[in-house]
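# Understanding the architecture of this molecule
Here's the letter readout for the chains.
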Amino acid sequence: MRQQAVSRNAPAVKTPVRTPMISKSAQRWWLTALAVLIAPSLAHSGIDLKIDLKKLPTEEAKLTYAPEVPPPITRRKPARVKIHLETKEVKKRLADGVEYTFWTFGGTVPGPMIRIREGDYVDFTLANHPSSKMPHNIDLHAVTGQGGGAEGSFTAPGHSSTFSFRALNPGLYIYHCATAPVGMHIANGMYGLILVEPEKGLPKVDKEFYVVQSEFYTKGKYGDKGLQPFDMEKAVKEQADYVVFNGSVGALTGDGAIKAKVGEKIRIFVGNGGPNLVSSFHVIGEVFDNVYQDGGTKVTQNNVQTTLVPAGGSSIVEFKTETAANLILVDHSIFRAFNKGALGMLKVEGEHNPAIYTGKTVDAIYLPEGGAIQTMPQEAKAAPKAETFEERMKAGKGVYTASCAACHQENGMGLPGAFPPLAKADYLMADKKRSINVVLHGLEGKIKVNGVDYDGVMPALGLDDEDIANVLTYVRNTWGNKGEAVKPSEVKALRK
Ligand SMILES: [Cu+2]
């Protein structure tokens, strides 16, 4: 058995022993059966299972907070690695105006990222802060052994536990708390990623990022203000109020957006803490050149649009950036992205490369009837342009319903914590030019609308001058707003 081979050399560590669930004789039978089953696969693992711990160099693992990834491991030999992680219950922001009492590894959601090497012998210490109300433990999916470490790390508040394990399998693994009720500890934020690098390391890239998706279940609805308690009933029904990247709505947008330069090779270590939902991870405006499906060690597919990240699982995606763009990370179960928070941004800075993407170059009248009609130009009339204020309002309402209402809502009230209101919005009404720029070029970063902070991403929608003039005339003169009409020429003047 692998574990026995390891523990022969392991230091004596006191761990709370749980009552075995199977009888001794049944256990013996299983051990024999497993030994037979595992023997051939061990032959494939390049690791020498016999190690002399005294000869191993020792080091402390450098843990990093998302989206930062610990540096690649350069040593080509196993080491004895010390990892120290603290569990802590902290009140923090879940969305603007919304707080939550997170149960965490390291004070953050996700917990710190751990990076070790295949063959390393790890001494893992879990400390539970004295202020905790709950006991916690850790199940690292990279660990071969009882509970993935959960049994050896069960720790009451104000205590610490140490156990050791050998990193037998390379890959990208979730770790999470597995203290009963397990679902609740995970739902409250207790998960992170541990990367076990293969012996020869991973291919070199220019930038690496650490992104973990997960859901939150709150007593109130999405955006309801104040400190929101966990809702067990919603969690059991899998009705998530929030689906987020890196622990909160907007963690990866605005100031939190991750950055790269044109021409760089990017690798994202993606995890899914769940507790329930599977992620359809997608980056709008890019194609994954390589996917290490399920966080394994092989590139299993090239040229992938969306990759599945199971709850309690991971994926590694790689792509090269070819032109400047704001790439949007989403769970392509798309209401989660635009209505529950599963949205992030990777800003690729540098040259726009028109050989790869031009942006809009032609805005022409589309004649679906084709050539036959085109020979009779008098019948191929363009949609009448709005001239009067009333015509602009009417056309603008149509544009609003088609292009804006999904986010700002039919009644212009927006959605709390996500989409600012346009109805009686000081931001919209204070500055006509600025409002044109918002619709023309999109908007991101912190803004204040009627005294409330927003930090979201409004995409540029690719509307023409006429549509933008009409929709802005409409929103600036509806729901109690009162302003002058916007003309296409004013939009044109701001188009660069
Ligand atoms: Cu816990």
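It should be noted that the structure appears before, not after, this text.
Note that residues are indexed from 1 along each chain, following the sequence as it is written. Local features in this predicted model are restricted to residues whose pLDDT is 70 or higher, and side-chain atom pairs enter the listing and the counts only when it is 80 or higher, whereas totals over whole chains, interfaces and linings include all residues. In computing side-chain values, all of the structure's heavy atoms are included and hydrogens and water are not.

A pocket here means an open set of points on a 1 Å grid, computed over the protein atoms alone, that has protein on both sides within 12 Å along at least five of seven lines. A cavity is instead a set of points where a 1.4 Å probe fits but cannot get out; residues with an atom within 4 Å of a point line either one. Grid points are joined across faces, edges and corners, and a volume is the space filled by probe spheres set on the points. Taken as a whole, this structure holds 1 cavity of 30 Å³ or more when the rule is applied. Reported here for the largest cavity is a volume of approximately 40 Å³. Lining the largest cavity we find Gly171, Leu172, Leu195, Val196, Pro198, Leu202, Tyr292, Gly296, Thr297 and Ile316. Helix and strand definitions here come from DSSP, where helices need a minimum of 4 consecutive H or I residues and strands a minimum of 2 consecutive E residues; each element is numbered from the N-terminal end. Elements represented by at least two residues in the lining of the largest cavity include exactly strand 8 (171–176) and strand 9 (191–197). Only Asp, Glu, Lys and Arg are considered charged, only Ala, Val, Leu, Ile, Met, Phe, Trp, Tyr, Cys and Pro nonpolar, and every remaining residue, Gly among them, polar. Looking at side-chain class alone, the lining of the largest cavity contains 7 nonpolar, 3 polar and no charged residues.

Another aspect to go through is the coordination of the copper ion. Each angle at a metal carrying four tetrahedral donors should ideally be 109.5 degrees, and each at a metal carrying six octahedral donors should ideally be 90 or 180 degrees. For the copper ion, every protein donor is listed as His136 (ND1), Cys177 (SG), His185 (ND1) and Met190 (SD), and the spread of their distances is 2.0 to 2.6 Å. As a rule, N, O and S atoms within 2.8 Å of a metal are its donors, except that Na, K and Ca use 3.2 Å; water is not among the atoms, so sites may look incomplete. Tetrahedral means four donors with every angle between 85 and 135 degrees, whereas square planar (four donors) and octahedral (six donors) require angles over 155 degrees between opposite donors and between 65 and 115 for all others; sites fitting neither are termed irregular. Coordination at the copper ion is irregular: its 4 donor atoms span angles of 85 to 137 degrees at the metal. In terms of primary sequence, the donors binding the copper ion are separated according to H-x40-C-x7-H-x4-M. Residue Cys177 is located in the loop between strand 8 and helix 4 (182–187), and its partner Met190 is located in the loop between helix 4 and strand 9; the two are separated by 13 residues in the primary sequence. The class of Cys177 is buried, set by a relative accessible area of 0%. When accessible area is computed with a 1.4 Å probe and restricted to protein chains, residues below 20% of their type maximum are described as buried, those above 50% as exposed, and intermediate ones as partly exposed.

Where strands meet in a sheet, backbone hydrogen bonds hold them as pairs that are either parallel or antiparallel. An order of 12-10-14-19-16-17 is seen for the 6 strands of this open sheet, with the pairing classed as mixed. Among the strands making up the open sheet, the edge pair consists of strand 12 (242–245) and strand 17 (301–304). Within the sheet, the average angular offset between the axes of one strand and its neighbour, ignoring direction, is 25 degrees. Two strands are said to pair when DSSP picks up at least two bridges between them. When strand 10 (residues 207–216) meets strand 14 (residues 265–274), the two strands line up parallel, connected through 8 bridges. Counterpart to Ser214 in the pairing with strand 14 is Gly274. Here an axis means a line fitted to C-alpha atoms, over the contact stretch when the element is a helix, while the angle between two N-to-C directions is reported on a 0 to 180 degree scale.

Our focus in this paragraph is the packing of aromatic side chains. Think of a pair of aromatic rings as described by two things: how far the centres are apart, and how the planes are tilted against each other in angle. Aromatic contacts are taken between Phe, Tyr and Trp rings whose centres are within 6.5 Å, Trp giving its six-membered ring; a plane angle under 30 degrees counts as stacked, one over 60 as edge-to-face, and the others as tilted. Enumeration over the complete set of coordinates arrives at 13 aromatic pairs. Where Tyr100 meets Phe216, the ring centres are 5.3 Å apart and the plane angle is 70 degrees; that geometry is what we call edge-to-face. With Tyr100 in strand 3 (residues 98–105) and Phe216 in strand 10, this residue pair connects regions lying 116 residues apart in the sequence. Of the two residues examined, Tyr100 and Phe216, each falls in the buried class. Relative to Phe288, the ring of Phe281 has its centre 6.0 Å away and its plane inclined at 5 degrees; by these criteria the two rings are stacked. By way of ring pairs, the aromatic residues Phe245, Phe281, Phe288 and Phe319 are connected into one cluster. The ring of Tyr427 carries Arg434 above its face, with NZ or CZ at 3.7 Å from the centroid. Over a ring means this: the NZ of a Lys or the CZ of an Arg is within 6 Å of the ring centre and within 35 degrees of the ring normal.

Multiplying 1.5 Å by the residue count of a helix minus one yields the expected span of that helix. Over its 15 residues, helix 8 (residues 389–403) runs 20 Å from end to end, which matches the ideal 21 Å to within 8%, given 1.5 Å per residue. Of the residues making up helix 8, those classed as buried are Arg392, Met393, Gly396, Val399 and Tyr400. An end-on view of helix 8 places all buried positions within 130 degrees of arc, on one side of the element. Across from the buried face of helix 8, at angles greater than 90 degrees, the exposed residues are Glu390, Lys394 and Ala402. The contact definition used throughout considers only heavy atoms, calling two residues in contact when any of these lie within 4.5 Å. Close packing links the buried residues of helix 8 with helix 9 (405–408), helix 12 (465–475) and helix 13 (488–494). Of all possible arcs, the one meant is that of the directions from the helix axis to the C-beta atoms.

This paragraph deals with helix 11 (residues 432–441). Within helix 11, the full set of buried residues consists of Lys432, Ser435, Ile436, Val438, Val439 and Leu440. Where the residues of helix 11 are buried, they touch helix 10 (426–430), strand 22 (443–449), strand 23 (452–458), helix 12 and helix 13. Definition of a polar contact: a pair of N or O atoms within 3.5 Å, with one able to donate and the other able to accept a hydrogen when the atoms are protein atoms, and with sequence-neighbouring residues admitted only if both atoms are side-chain atoms. By the N-cap criterion, in which a side-chain oxygen at the helix start approaches the backbone nitrogen of a residue two or three places on, helix 11 is capped by Asp431, the distance to Lys433 being 3.2 Å. Downstream of helix 11 by one or two residues, Gly442 has phi in the positive range, about 85 degrees.

On the secondary structure map, Thr323 appears in the loop between strand 19 (313–320) and strand 20 (325–331). You can call Thr323 buried: its relative accessible area is 15%. A distance of 2.8 Å separates a polar atom in the side chain of Thr323 from the backbone nitrogen of Asn353. Here Thr323 is in contact with Val262, Val348, Glu351, His352, Asn353 and Ile356, once residues within four sequence places are set aside.

All right, on to the pattern of salt bridges then. Side chains that differ in charge, positive against negative, can pair when their charged atoms come close. Here, a salt bridge means any Lys or Arg side-chain nitrogen found within 4 Å of an Asp or Glu carboxyl oxygen. Per the counting criterion, the structure on display carries 22 salt bridges. For Glu197, the salt bridge is made with Arg115, and the minimal N-O distance between the two is 2.7 Å. One end of the pair, Glu197, is in strand 9; the other, Arg115, is in strand 4 (residues 114–117), and 82 residues separate them in sequence. Arg115 gets classed as buried once you look at its relative accessible area, which sits at 6%. Of the charged contacts in the structure, one is a salt bridge between Arg115 and Glu208, with a shortest N-O distance of 2.8 Å. You can see Arg115 sitting in strand 4 and its partner Glu208 sitting in strand 10, a full 93 residues away along the chain. Judged on exposure class, the residue Arg115 and its partner Glu208 are both buried.

With that settled, the discussion passes to a nonpolar patch on the surface. A cluster of nonpolar side chains, contributed by Ile284, Ile334, Phe335 and Phe338, occupies part of the molecular surface with about 360 Å² of accessible area. Turning to its location among the elements, Ile334 is positioned in the loop between strand 20 and helix 6 (335–339). Nonpolar side chains (Val, Leu, Ile, Met, Phe, Trp, Tyr) are joined into patches within 5 Å and like charges within 9 Å, using only residues with over 30% relative accessible area and no salt bridge. In short, Shrake-Rupley with a 1.4 Å probe defines the accessible areas, and a residue's cover is counted only from the protein chains shown.

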